Structure formats: structure tokens, C-alpha cells
Amino acid sequence: MPIADKVTAARKIEQLLKILVTDGGFRLRYRIVVDPPVPADRDWETPEILVELSGPDSPLVLERGADLLRAMEHIALKALRLEPEEHDKLSFDCQNYKALRLEELRMTASVAAEKVRKTGMPYEFSPMTARERRVLHLAVRDYPDLRSESQGEGGRRYVVIFPKDYQPGAPRPGGRPHVKSFRKGR
């Protein structure tokens, strides 16, 4: 479902950002674009409203995997009262971080896909956001001999790439059955 009144939503985001930036003491500029053009290679995200941040405090916004950027976006989503399935209607970015992260995820998916093909064994990624998991799923759809699934709960959800016909416990190449190993922190 599209945002009913995008201009009003953009104004609400602007009011919110004025408070966050001014009261937070951030040295940031922002630009809000309604119905931004989206490059063809970004089918993983088609926002109706794009907020671009820039300025001297951009590195602060992008620290720790862009936690502050995601937090600002989350606050705006809550302020607009968008349902989880509508979260892709709004996107915050800073110094082209999301496009660079997209390319990084696509390259990682390609390397993981080759590893799965060589070994015949699943590949587990670390936990990541729903949007990042979606990028991996979209990248894997280009490999007809592989499939992907999200596993885990809440903020600990992660993607696993499998050979298309993979069955847990089935003999691996070389005749030994697969025994699942557990990653640290799970």
C-alpha cells in the first residue's frame, strides 16, 4: 500500500529531522525526495520517500554499520505509523552507503554461491537486517542451482544458501553425512 499523502509525510519527516539534527547537535544537512528515481539494479528497494543525509557528521551516522542511520529511519517509520510491510516505502541514506552496501552484499552472495557449489554444503551468513537479507535472496535467485532461506528469530535472523536439492543429513560428497556445526553466539 503506498503512502497516502507523500508530501505531508515528507513534511513530518522534515519536522522530525529538524529536532533530531538541531537538538542532537549534529552537523548534518538533509534532502527529502518524494518519488525518487531508482536505478534498475536496485530492485531490492523502491522507496516513495528518500532522505539523503550529508555533512561533517556523516561518518558518525555511518559508524557501527550505520546504526545511527538505521535508527533515524526507524524513528521516522514509527512517526509515520507505517506497518512493517510498508517499511520499504521510506529510505534514509548517507554518502551513498546503501548502494555501496548493496554491491558488497551482492559480491558476498556471489562468493558464497561459489563455495556452496564447490562443497555442496550450505553457507550461513551472519545476522543482518531484513532489507539486507532481501538483497541476498534476490542475488541468489540468479543461480538456478541454489536456494536461500532466512532462519533465526528477530534481530538474529540470517540467510542460508543451499544447493537446490539439499537435504539435511544426506550424504555429502565423499559419503559422510552432514553434521550441523553451531556458530559462536547462537
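Everything discussed here concerns the structure shown above.
Residues numbered from 1 in each chain as written. Predicted model: local features only at pLDDT ≥ 70, side-chain atom pairs only at ≥ 80, totals over all residues. Heavy atoms only, no water.

Draft legend 1. Inspection of the sheet that holds strand E3 (residues 90–94) at higher detail. The three strands are arranged E1-E2-E3 in an open sheet whose pairing can be described as mixed. Here the strands that pair on one side only, and so sit at the sheet edges, are strand E1 (29–34) and E3. Strand after strand, the sheet turns through a mean of 15° between neighbouring axes, direction not considered. Examined bridge by bridge, E1 and strand E2 (residues 49–54) share six bridges and lie antiparallel to one another. Opposite Arg31, over in E2, you have Glu52 as the bridge partner. (Pairing = 2+ DSSP bridges. Helix = DSSP H or I, 4+ residues; strand = E, 2+ residues; numbered from the N terminus. Axes fitted to C-alpha atoms, helices over the stretch in contact; angles between N-to-C directions.)

Draft legend 2. Just unusual backbone geometry, in detail. For Arg64, which is not glycine, the phi torsion reads 50° and is therefore positive. Locating Arg64 in the fold gives a position in helix H2 (residues 58–80). Positive phi, normally seen in glycine, also occurs at Arg81, with a value near 60°. Take Arg81: its relative accessible area is 69%, and that puts it in the exposed class. (Buried < 20%, exposed > 50% of the residue type's maximum accessible area, 1.4 Å probe, protein only.)

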